Amino acid sequence: MNHLDIPVLHRAAGTVRLPGSKSISNRVLLLAALAQGETVVADLLDSDDTRVMLAALRQLGIGIESAGADSYRVKGAAGPFPIKQAELFLGNAGTAFRPLTAALALSAGHYQLSGVARMHERPIRDLVDGLTQIGAEVRYLGNAGFPPLQVLPAQINLSAPIQVRGDVSSQFLTALLMALPLMGQTAVIEMTTELISKPYIEITLNLMARFGVKVEREGWSRFTIAAGQRYVSPGTIHVEGDASSASYFLAAGAIAGGPVRVEGVGRNSIQGDVAFADALASLGARIGMGDNWIEARGPLSALIPSPSPADAGEGSKLRAFDLDLNHIPDAAMTLAVAALFADGPCTLRNIASWRVKETDRIVAMATELRKVGAIVEEGDDWLKVSPPYTSHLTPHASIATYDDHRMAMCFSLVALGGVPVRILDPNCVAKTFPDYFDRFAEITAPVIAIDGPSASGKGTVAQRVANALGYGYLDSGSLYRLVALAGQQAGVGYDDEAGIAAIAAALSAEFRGDQVLLSGNDVTEAIRSEEMSAASSKVAALPAVRAALIERQRAYRRWPGLVADGRDMGSVVFPQAEVKIFLTASVEARAERRYKQLIAKGVAANIRPLLQDLRERDERDASRSVAPLRKGEDAHLLDTTELSIEQAVDAVLGWARDAVDGKR
Ligand SMILES: Nc1ncnc2c1ncn2[C@@H]1O[C@H](COP(=O)(O)OP(=O)(O)OP(=O)(O)O)[C@@H](O)[C@H]1O
Ligand SMILES: Nc1ccn([C@@H]2O[C@H](COP(=O)(O)O)[C@@H](O)[C@H]2O)c(=O)n1
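Analysis parameters
Residues numbered from 1 in each chain as written. Chains lettered and ligands numbered in written order. Predicted model: local features only at pLDDT ≥ 70, side-chain atom pairs only at ≥ 80, totals over all residues. Heavy atoms only, no water. UniProt positions renumbered as here; feature names shortened; annotations may be inferred. Near = heavy atom within 4 Å. Polar contact = N/O pair within 3.5 Å; in protein donor to acceptor, adjacent residues only side chain to side chain. Areas by Shrake-Rupley, 256 points an atom, 1.4 Å probe, with all protein chains shown as cover. Helix = DSSP H or I, 4+ residues; strand = E, 2+ residues; numbered from the N terminus. Nonpolar A, V, L, I, M, F, W, Y, C, P; charged D, E, K, R; others polar. Pairing = 2+ DSSP bridges. Right-handed = clockwise from strand over helix to strand, strands pointing away. Phe/Tyr/Trp six-rings, centres within 6.5 Å; stacked < 30°, edge-to-face > 60°. Lys NZ or Arg CZ within 6 Å of the ring centre and 35° of its normal. Core = buried A, V, L, I, M, F, W, Y, C linked by side-chain atoms within 4.5 Å. Buried < 20%, exposed > 50% of the residue type's maximum accessible area, 1.4 Å probe, protein only. Contact = heavy atoms within 4.5 Å. Axes fitted to C-alpha atoms, helices over the stretch in contact; angles between N-to-C directions. Domains from an automatic or database assignment. Left-handed = near helix turned anticlockwise from the far one by under 90°.

In the annotation of an unreviewed UniProt entry, the entry for the protein reads Multifunctional fusion protein, and the organism field reads Georgfuchsia toluolica. As stated in UniProt under Subunit (unreviewed entry), the record for the protein gives "Monomer." We quote the UniProt Subcellular location (unreviewed entry) comment for the protein here in full: "Cytoplasm".

This is the structure we're talking about:
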């Protein structure tokens, strides 16, 4: 089976920009489709579940076109769907299946809705019962109570309140709430049981209000949509980051030092899953929150005196917990795996909805946690997880993921327990977070940052260190050289900051072994010319150019690790690097090395202009306003004036091993 091996990881630190929220994305798409007017949906999640919704809406006659990266222009139908006959395949997307069932039941057409085998095992009776009460014609095409479904035209009657259960899935209530305004009449929903996952209903009500429909609610038991309301486009709507997806990164920060910051959700979020941060805080994690970000660090250790608060959390465990997690059922899965890192048995309560999700998550979680050594007890709606008696997780566990994206993402955290772990069928994360493992690597892969002036030998040393450790290698200077060359080719002046930054943002660069390609052309030699050396240090002084390249550089941080060389690797691009080195040599030694390098390549050279050029570049790199070249306090100084290449490499490898071994 297809699998991903995650190596032993020691530390999690860095920043992650979250993908759009799945819950918000699919709700907004449906509301925009039913609304009057055009809606631009910006920052939409790009995943299997949103693709399913987009395809279904198009099939139902809704005009949807791209409006830039992750943005769509949706031409609303101003009421029920215009296409009156369709067969929809909705995969395993519950956030598409349930709301579409309700909206189609009120659209006076002939429809069939089906999905993958697991979708046909996920209950839908409570929603169908609710729709049947108002006269809708919804029939089971397979097992009663489950998809697939047939929907037929019907006479809808809203004179009596709709009685609905809310104890299996809150999506049934969401589906009814979002569909009922299509009728333009007063509609009342009464809950016949306790409502679970209330924060998801808050998302629904909030988004309906953004589209002009207000729902009156009496506690969580009665909801009234007054007559005469209809959906009207709010114009542009931005989808906030996915708070459930944030949970894996925040947990990583809490387990393995941190700080890990997620951007895209924060204190202004409308998603209930931001309460995961409170749950982590109750486990002792140190949490910070802004309007649009959340940050997590490990707990302060009460036992080990630490030199500084920033280091204090390392090595200390999370507090054991006993929590009712009904309000955050999805993010709660992350806590089940975080329990492996707690100082005692942990109980997750009121999580019955796990049984009807992508898989029976209580069974799946218990089975896979046992593989890594946890002692697990399970009940109808609870799970008790005790870390292994020895505190040592079982290495090389093969984790089955049950076609459940959250199982795959949660279990990546196991590697932070100092053991390698294998995730089976890792691509199931495409349901909500296609590049999850790349983003996770960007906060967990160790980085060795080597900065220093031109011709100091940092590229040579960095490459050899990377080879010795089996790590990847980033020559960040070549990116600035490529920008300079691309600017020259496009005829954009090096003082045109916006123009050069646009080139940097769209740079088509590829590294193939020793070859460097620009827009598919081999420019390995061209970017190394003395002209490009000077030009690159000019474009590198432009703040907008540096900003345009920063995420691209961070994306090189992959497992098992990265050696990155440049001028600001340790100070700006990878401030959390495990090892930082400032590698230098006297300017005379560097000029001499460059001279020999050129002569060896058959290029005529003269030491005097080389010296002059290095001095000018040193001056430009050290005096610029953004990311100037200088040794940081936390960097080791390596002066190679009197050292051989081998001696320099050995010194770096020594620091690298100390840093990694120190965390074992
Ligand atoms: N310790 C050393 N002793 C002698 N020569 C060295 C040493 N380190 C590197 N060199 C040589 O110096 C030359 C310049 O090294 P390299 O290209 O790695 O420098 P760099 O700092 O990456 O330069 P740039 O910033 O311009 O890319 C190479 O030919 C390399 O073999
Ligand atoms: N992190 C970096 C790397 C490079 N630069 C600038 O690019 C020029 C070329 O870099 P080389 O390492 O290939 O010599 C260099 O002179 C710097 O101005 C940078 O700013 N930051």
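There's more to say after this.
What follows is about the site of ligand 1. In the vicinity of ligand 1 lie 19 residues, with K458, G459, T460, R594 and L643 positioned nearest. At a separation of 3.1 Å, an oxygen atom of ligand 1 approaches a polar backbone atom of S456. In the environment of ligand 1, an oxygen atom lies 3.5 Å from a nitrogen or oxygen atom belonging to the side chain of R567. When ligand 1 sits alone it has 630 Å² of accessible area, and the protein chains cover 81% of it. Breaking the shell around ligand 1 down by element, the ones donating at least two residues are α14 (458-469) and α20 (587-600). Classifying every residue of the shell around ligand 1 by side-chain character gives four nonpolar, eight polar and seven charged.

A separate point is the pairing of strand β19 (residues 346-349). Taken together, the three bridges between strand β18 (residues 322-324) and β19 define a ladder with parallel strand orientation. Its bridge partner lying in β19, L323 is registered against L348. With helix α10 (residues 329-338) bridging β18 and the parallel β19, this β-α-β connection has right-handed handedness.

The next thing to look at is the packing of aromatic side chains. Applying the stated criterion across every chain, the model contains nine aromatic pairs. Between F433 and Y436 the ring centres are 5.5 Å apart and the planes differ by 75 degrees, which places this aromatic pair in the edge-to-face class. For R217, the ring lying beneath its charged end belongs to W220, and the centroid distance is 3.8 Å. Geometry around W293 places R261 over its ring, the cationic atom sitting 3.7 Å from the centre.

Let us now look at the nonpolar core. Grouped together as the largest cluster of nonpolar side chains are 82 residues, with contacts concentrated most on M365 and L383. Sorting elements by how many residues they give to this core places helix α7 (residues 243-255) first, with nine residues. Residue contacts for M365: discarding those within four places in its chain leaves M333, A336, V337, W354, L383, M407, C410 and F411. In this structure, I24, I62, L113 and Y231 belong to the second largest nonpolar core, which totals 76 residues.

Think of a sheet as strands paired side by side through backbone hydrogen bonds, with each pair either parallel or antiparallel. One open sheet holds the four strands; their spatial order is β18-β19-β21-β20, and the pairing between them is mixed. Each edge of the open sheet carries a strand with a single partner, namely β18 and β20 (375-378). Neighbour-to-neighbour, the strand axes of the sheet open up by a mean angle of 10 degrees, direction not taken into account. Taken together, the four bridges between β20 and strand β21 (residues 382-386) define a ladder with antiparallel strand orientation. Bridge pairing in β21 links E377 to K384. Of the strands in this sheet, β18, β19 and β21 touch α10, which is tilted by about 165 degrees from β19. Helix-sheet contacts for helix α11 (residues 361-371) involve β20 and β21, and the interaxial angle to β20 is about 165 degrees.

Moving on, we come to the pairing of strand β15 (residues 257-263). Within β15, five of the seven residues are buried, which leaves the element mostly enclosed by the surrounding structure. For strand β2 (residues 12-17) and β15, the ladder comprises five bridges, and the chain directions are parallel. Pairing of R17 across the sheet is with E263, part of β15.

Here we take up the site of ligand 2. The environment of ligand 2 is formed by 17 residues, the closest being R481, R546, D568, D621 and R624. Within the side chain of R546, a nitrogen or oxygen atom sits 2.8 Å from an oxygen atom of ligand 2. Between ligand 2 and D568 there is a distance of 2.8 Å, counted from a nitrogen atom to a side-chain nitrogen or oxygen. Notes on ligand 2: free accessible area 450 Å², of which the protein chains cover 97%. Of all the secondary structure elements, the ones that give two or more residues to the shell around ligand 2 are α15 (476-490), α17 (530-539) and α21 (607-623).

Attention now goes to the domain arrangement of the protein. Domain boundaries in the protein define domain 1 (3-18 + 241-443), domain 2 (22-238), domain 3 (445-471 + 560-664) and domain 4 (477-558). On a C-alpha basis, the centres of domain 2 and domain 4 stand 47 Å from each other.

The next point concerns the packing of α15 against helix α16 (residues 497-505). Direction vectors running N to C along α15 and α16 enclose 115 degrees, while the axes themselves pass 9 Å from each other. Classified by chirality, the crossing of α16 by α15 is right-handed. Where α15 approaches α16, its residues V483, A486, G487 and A490 are matched on the opposing element by I500, I503 and A504. Looking at the contact of α15 with α16 residue by residue, the class counts come to six nonpolar, one polar and no charged.

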